[in-house]
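Inside the fold
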Amino acid sequence: MDHGFASMPPAKPLQTYKVIVPYSESAHLQKRFKIEYTIEAPDRETALQKAEREFFAYTQYNSASWVRVIEREGIRIWRVLPDHPQTPQTIDELATRLTSGDEDVLYNTLTSLGALEDASAGKLIIPLLRHPNEDLRTLAADTLGRLGDPANLPVLLDHYRPEAPPHLKASILSAVARLGRAGDPVSDVIAAALGDRDPRVRANAVEAVERLKLPTTTRMLAPLLEDEDNRVRANVLKALWDTHDRARLAATLREMATHPSHWMRASAAFVLRHVRVEDHLRLVETLLSDRVPEVHANAWKALLEMNDLDCVPLWFEHLNPLHVADLPRIQARIEEIGPAAFERVLAVKPRSREEFRQVQEILDTMERRAYEQQGWFAWLKAKHNRFFGRR
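A brief structural summary. What you see is a predicted model, and the numbers here were worked out from it, not measured in a lab.

As a general feature of sheets, a regular strand has side chains that alternate between the two faces. Taking burial as the measure, the 11 residues of strand S1 (residues 15-25) include 8 buried ones, the bulk of the element. One ladder, built from 4 bridges, connects S1 with strand S4 (residues 76-79); its direction is antiparallel. Bridge pairing in S4 places Val19 opposite Ile77. Pairing geometry for S1 and strand S3 (residues 68-70), over 3 bridges, is antiparallel. Across the sheet, the residue bridging to Glu25 is Arg68, located in S3.

Set out below in C-alpha cells:
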C-alpha cells in the first residue's frame, strides 16, 4: 500500500530581495520615512512578510511613545540581480522603455522586469496585452504574473477568451496561479481551461488548481489521469496526491515510468521529485538507467531530493561530468544521513580527480562531525575505518 507516503515538494532556493518600507510616525504626521531591508526568501511574498516582521520587531524593541504605521501602497520589492537596475529610479527608467515601438526593446524590457519582480511596472505592461505581436502579448501576461501584484488579476482574466491563442491562454493561467487568492473569481476560467484542446493550456490549468487549492475544480482533475499529454498527467498526479485515491495515482505513475514514450517516462521522473511511493528508490533507479537524456536528468533530480542510506552508492554510481556541480548537494545529503553513511562513502571508487577530492572532503567532514558530536573515540574509529577498513 502506498498510503502514508505524502507528497514532498522540493524546497525553493532562496533569492535576495530589496524591500523598501515607507512609514509615518504619529509624532511627525507631516513627514514620511523609509527603511530598506535586504531579505533572503524563496519568493517575493515571503520577502515582504519577513520585512514586515523585521519592521514591527524593531518598532516593539524601540518602544517609543509614538506609533509607526506602514504605508503599504508605497512598498517596493525587487530581486537583487547582477546586470539589472537596483534602485527605484533606475527600475522606473527601465520601465519607461515599454513605450518603445521597437519590439526587441519591448521583449528585453519585459524579460528584465519579470526577473526583477518589481510590481510598480504593472501599469505600463497592461497595454501590451493588446499588442499586435502574439509573442509580446504572451510575455506581457507572464510578466504581470511574475510581478506578484494581485491587482493585475482582473485584467488578466478579461483577456482570457476561448478564441485567444493557446500560448497566451497558457501564460494567463500561469499568471492567475501566481496572483490568485482564496475567493477570487477564477474557477470558471480554470474549469473551461481544463477542457481546452491545447495540452499546454490544460497543463497550466491543472497547475492553477493545485496552487490555488480550488475545491470546486479538483474533482474535475481525475479524468485527466488518462490525458494523452505527459505534462498534463504529471501535473494531475501532483495536484491529487494528497487528496485522491493513492493506489490509483501510484498505478498511473508506475505506468508512466514504463511507458513507450520517453516524454511520459521523463514526466514520471519529474513527479518522483515531488511525491513518495512504496518502491520509490527502485523506480528512480530504473529511470536513472534510461538512455534518453531527458529521462535520466529528471531521475537524477529526483534522486537528489532523497536522503536515504541506499541512495549513497547511487549518487556516485550515476555521477557523470554533467553532475559534478551537484557534489556539494550530495555532501549535504550525506551529512543529513549521518554516521551510518560513512561505510557507504568508504566503498565509493572515484572515477576522476575531482570526484576523489570531493569524496575525501566528505570523509573529512564526517570525521569532524563524529568528533564534534561524539568525541575522540568516535573520531578515532572513523579514522581507523577510513585507512584500515575494507575499501
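Now, onward.
We now examine unusual backbone geometry. Most peptide bonds adopt trans geometry, and most residues besides glycine take a negative phi value. If you check the backbone angles, Glu117 has positive phi at about 65° while not being a glycine. Position of Glu117 among the secondary structure elements: in the loop between helix H3 (103-116) and helix H4 (122-125). A positive phi angle, near 55°, is found at Lys213, a position not held by glycine. Position of Lys213 relative to the elements: it lies in the loop between helix H9 (199-212) and helix H10 (215-218).

Our focus in this paragraph is H3. For H3, which comprises 14 residues, the first-to-last C-alpha distance of 20 Å matches the rise-based estimate of 20 Å (1.5 Å per residue) to within 8%. Buried within H3 we find Leu106, Thr109, Leu110, Ser112, Leu113, Gly114 and Leu116. Against S4, helix H2 (88-95), H4 and helix H5 (134-147) lie the buried residues of H3. Looking at where H3 begins, the residue whose side-chain oxygen comes 2.8 Å from the main-chain nitrogen of Asp104 is Asp102. Of the residues trailing H3, Glu117 is marked for its positive phi of about 65°.

Turning next to the packing of helix H8 (residues 187-194) against H9. Packing of H8 against H9 brings their axes to within 8 Å, and their N-to-C directions diverge by 140°. Accordingly, the angle class assigned to the pair H8 and H9 is oblique. Crossing of H8 against H9: the hand is left-handed. Facing Ile190, Ala193 and Leu194 of H8, the residues of H9 in contact are Val201, Arg202, Ala205, Val206, Ala208, Val209 and Leu212.

Glancing now at the environment of Glu361. Within the secondary structure, Glu361 is located in helix H19 (residues 353-374). The class for Glu361 is partly exposed, based on a relative accessible area of 31%. For the pair Glu361 and Pro328, spaced 33 residues apart in the sequence, the C-alpha separation amounts to 9.9 Å.

Each value, and the rule that gives it
- Residues numbered from 1 in each chain as written.
- Predicted model: local features only at pLDDT ≥ 70, side-chain atom pairs only at ≥ 80, totals over all residues.
- Heavy atoms only, no water.
- Buried < 20%, exposed > 50% of the residue type's maximum accessible area, 1.4 Å probe, protein only.
- Helix = DSSP H or I, 4+ residues; strand = E, 2+ residues; numbered from the N terminus.
- Pairing = 2+ DSSP bridges.
- Expected span 1.5 Å × (residues − 1).
- Contact = heavy atoms within 4.5 Å.
- Polar contact = N/O pair within 3.5 Å; in protein donor to acceptor, adjacent residues only side chain to side chain.
- Axes fitted to C-alpha atoms, helices over the stretch in contact; angles between N-to-C directions.
- Parallel < 35°, antiparallel > 145°, perpendicular 65-115°, else oblique.
- Left-handed = near helix turned anticlockwise from the far one by under 90°.

The values reported here are purely geometric and, on their own, carry no functional implication.
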